[in-house]
Amino acid sequence: MAANEASQQPTKVVDIHTHMYPPSYIDILTSRSTIPLVRTFASSPDPRLILLQAEVPSLEGAEASSKPPGRPLTKHYSSLTQKIHFMDTHNIDISVISLANPWLDFLKPFESGSIAESVNTEFSSMCASHPGRLFFFGTLPLTAPLATIEASVTHLKTLKYCRGVILGTSGLGNGLDDPNLRPIFHALADAGLPIFLHPHYGLPNEVWGPRASQEYGHVLPLALGFPMETTIAVARMYLAGVFDAVPALRMILAHSGGTLPFLAGRIESCVLHDGHLMREAKVHATRRTVWEVLRSQIYLDAVIYSEVGLKSAIEASGGADRLMFGTDHPFFPPLGTDEDGEWESVGLNAEAVNKALGKASQEAAGVMGGNAIRVLKLYDE
Ligand code: 5CU
């Protein structure tokens, strides 16, 4: 088929960055007194979901405050009916749903294995109730012993609609460059399950200054902390040689790779000019450059909200065929308007794709859905 004919084909829209907190998970958060937690406040009609370290200062004394912390926990977070409604409203054919941050990172070692099993089974059942429209990224019980985590990978492999795992940056507690995490990377690579890497921990609160918690809302931790966290995590994996050691590992980076597309050249230059690394052969002589790893083992979502950022992500990836559309639903709802209608945040990401690649182009159709269908095999096998 000629390229221009291919571009005429109706292509599906796929959302690979879309979260759910299933009701059983909300129950866990409601039973907690430290973040992550769900709490009710007199000043808020909905319960509040409080997740981020940056929200902790405003949690103190919040009962008496007219400004409750966190975000309203609407039905968008836990209702599958609402997810399907959201998909229909935005003409999304397929969603790859995932548990949102902070996943199971806060659970006790003895409980996380069984909770992972039930959460993953719940996601699997949600997908089975809408065959062909829903797939999911599973969640690993990273606080459990290694054998339990490995068993969870094995379990995920048996679930028909599972297409990878969503992972935060903390790993087993020491980050993703931790040698103890290597067997899990091997297990995921062997199982053909890519990692959807997503931030949660941001940067320390002090970075934002004393005015942040009262005056700047969530802007600094979400706009800057999240992307830097992803960038740092991947840079640490690169420096530790994870990508060379596990060449079959595939990662999809949230928020178009944080700041990686913009900073890959600087990371590469800092490696090249680091006498300590070079003299002591801390990086292998045969190492692949940051660029080479980006273009072979890494995919990026297209959740960047601007043409400028998206173009940079496409350039860094070596082509638009490594980018995949996402919405970040249920985060970033419209303020003060009907949450059941169209969301501006979704429109911004779709518009960035059209502006960067041309509305009717084959490349835009790839980013909007074709790439995800190909890479994640979003069909019955
Ligand atoms: O608004 C937020 O806090 C978030 C979050 O926690 N996770 C996410 O993926 N997007 C926004």
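Further up the page is the structure itself.
Residues numbered from 1 in each chain as written. Predicted model: local features only at pLDDT ≥ 70, side-chain atom pairs only at ≥ 80, totals over all residues. Heavy atoms only, no water.

A.B. asks: Can you explain the overall build of the protein? Please cite residues and give values.
C.D. replies: Within the protein one finds 16 helices and 11 strands. The C-alpha radius of gyration of the protein comes to 20 Å, within 12% of the 21 Å expected for a compact globule of 381 residues. Dimensions of the protein, computed from C-alpha atoms along their principal axes, come out at roughly 60 × 55 × 45 Å. Across the 381 residues of the protein, 52% fall into the buried class. In the protein, once contacts between residues fewer than 6 apart in sequence are set aside, the share between residues at least 24 apart is 73%. When the accessible surface of the protein is totalled, it reaches about 16,600 Å², and 56% of it is carbon and sulfur. (Helix = DSSP H or I, 4+ residues; strand = E, 2+ residues; numbered from the N terminus. Rg over C-alpha atoms; globule rule 2.2 N^0.38 Å. Buried < 20%, exposed > 50% of the residue type's maximum accessible area, 1.4 Å probe, protein only. Contact = heavy atoms within 4.5 Å. Areas by Shrake-Rupley, 256 points an atom, 1.4 Å probe, with all protein chains shown as cover.)

A.B. asks: Break down the pattern of salt bridges for me, citing the residues and quoting the values.
C.D. replies: By the definition in use, this model includes 9 salt bridges. Note that arginine 71 is salt-bridged to glutamate 55, the shortest N-O span being 2.4 Å. With arginine 71 in strand β4 (residues 71-72) and glutamate 55 in the loop between β3 (48-50) and α3 (56-59), the pair connects residues that are 16 residues apart, well separated along the chain. You'll find arginine 71 and glutamate 55 in the same group, each marked buried. (Salt bridge = Lys/Arg side-chain N within 4 Å of Asp/Glu carboxyl O.)

A.B. asks: Summarise the packing of aromatic side chains; cite the residues concerned and give the values.
C.D. replies: When we look at a pair of aromatic rings, we describe it by the centre distance and by the angle of the planes. Within this structure, the stated rule accounts for 10 aromatic pairs. Taken together, a centroid distance of 5.9 Å and an interplanar angle of 25° make the contact between tyrosine 21 and tyrosine 77 stacked. Here tyrosine 77 lies in the loop between β4 and α4 (80-89) and tyrosine 21 lies in the loop between β1 (14-20) and α2 (23-30), a separation of 56 residues in the sequence. The pair formed by tyrosine 21 and tyrosine 77 is uniform in burial state, with each residue classed as buried. Ring plane angle 85° and centroid distance 5.6 Å describe the contact between tyrosine 77 and phenylalanine 331, whose orientation is recorded as edge-to-face. Here tyrosine 77, found in the loop between β4 and α4, pairs with phenylalanine 331, found in the loop between β11 (323-324) and α15 (344-357); they are 254 residues apart in sequence, far enough to count as distant. We classify tyrosine 77 as buried; its relative accessible area is 3%. Phenylalanine 331 sits in the buried class, given a relative accessible area of 11%. Pairwise contacts between aromatic rings join Tyr21, Tyr25, Tyr77, Phe106 and Phe331 into one cluster. (Phe/Tyr/Trp six-rings, centres within 6.5 Å; stacked < 30°, edge-to-face > 60°.)

A.B. asks: Describe the sheet that holds strand β8 (residues 195-197), and please don't skip the residues or the numbers.
C.D. replies: In spatial order, the strands read β1-β5-β6-β7-β8-β9-β10-β11; together these 8 strands make up an open sheet with parallel pairing. Only two strands of the sheet have a single neighbouring strand rather than two, namely β1 and β11. Sheet topology note: the β1/strand β5 (residues 94-99) ladder contains 5 bridges and is parallel. Residue pairing across strands places histidine 19 opposite serine 98, the latter belonging to β5. In the packing of helix α6 (residues 146-158) onto the sheet, the strands contacted are β6 (134-139) and β7 (162-167), and the crossing angle to β6 comes to about 170°. (Pairing = 2+ DSSP bridges. Axes fitted to C-alpha atoms, helices over the stretch in contact; angles between N-to-C directions.)

A.B. asks: Pulling in residues and values, what's your account of the site of the ligand?
C.D. replies: Around the ligand sit His19, Leu51, Leu52, Arg71, Asn101, His198, Leu222, Phe226, Asp328, Phe331 and Phe332, and that is every residue in its neighbourhood. A distance of 2.8 Å separates an oxygen atom of the ligand from a polar side-chain atom of arginine 71. Aspartate 328 is positioned such that a nitrogen or oxygen atom in its side chain is 3.2 Å from an oxygen atom of the ligand. Protein contacts shield 97% of the accessible area of the ligand, which totals 280 Å² for the unbound molecule. If you map the ligand onto the pockets, it falls in the largest pocket. Across the shell around the ligand, the residue classes tally to 6 nonpolar, 3 polar and 2 charged. (Near = heavy atom within 4 Å. Polar contact = N/O pair within 3.5 Å; in protein donor to acceptor, adjacent residues only side chain to side chain. 1 Å grid on protein atoms, 1.4 Å probe; cavity = no way out; pocket = protein on both sides within 12 Å on 5 of 7 lines; lining within 4 Å. Sits in = over half its atoms within 2 Å of the grid points. Nonpolar A, V, L, I, M, F, W, Y, C, P; charged D, E, K, R; others polar.)

A.B. asks: For empty space enclosed by the protein, give the residues involved together with the corresponding values.
C.D. replies: Taken as a whole and judged by the stated rule, the model has 2 cavities of 30 Å³ or more. Of the volumes computed, that of the largest cavity is approximately 70 Å³. Lining the largest cavity we find Leu52, Gln53, Ala54, His200, Tyr201, Gly202, Leu203, Asn205, Trp208, Pro221 and Phe226. Residues that form the lining of the largest cavity fall into these classes: 7 nonpolar, 4 polar and no charged. Estimates place the volume of the second largest cavity at around 50 Å³. (Points joined across faces, edges and corners; volume = space filled by probe spheres on them.)

A.B. asks: Can you tell me about helix α7 (residues 182-191), naming the residues and giving the values?
C.D. replies: Turning to α7, its buried residues number three or more, namely Ile184, Phe185, Ala187, Leu188, Ala189 and Ala191. Packed against the buried residues of α7 are α6, β7, β8, α9 (219-239) and α10 (242-245). Of the residues one or two after α7, glycine 192 is the one with positive phi, at around 70°.

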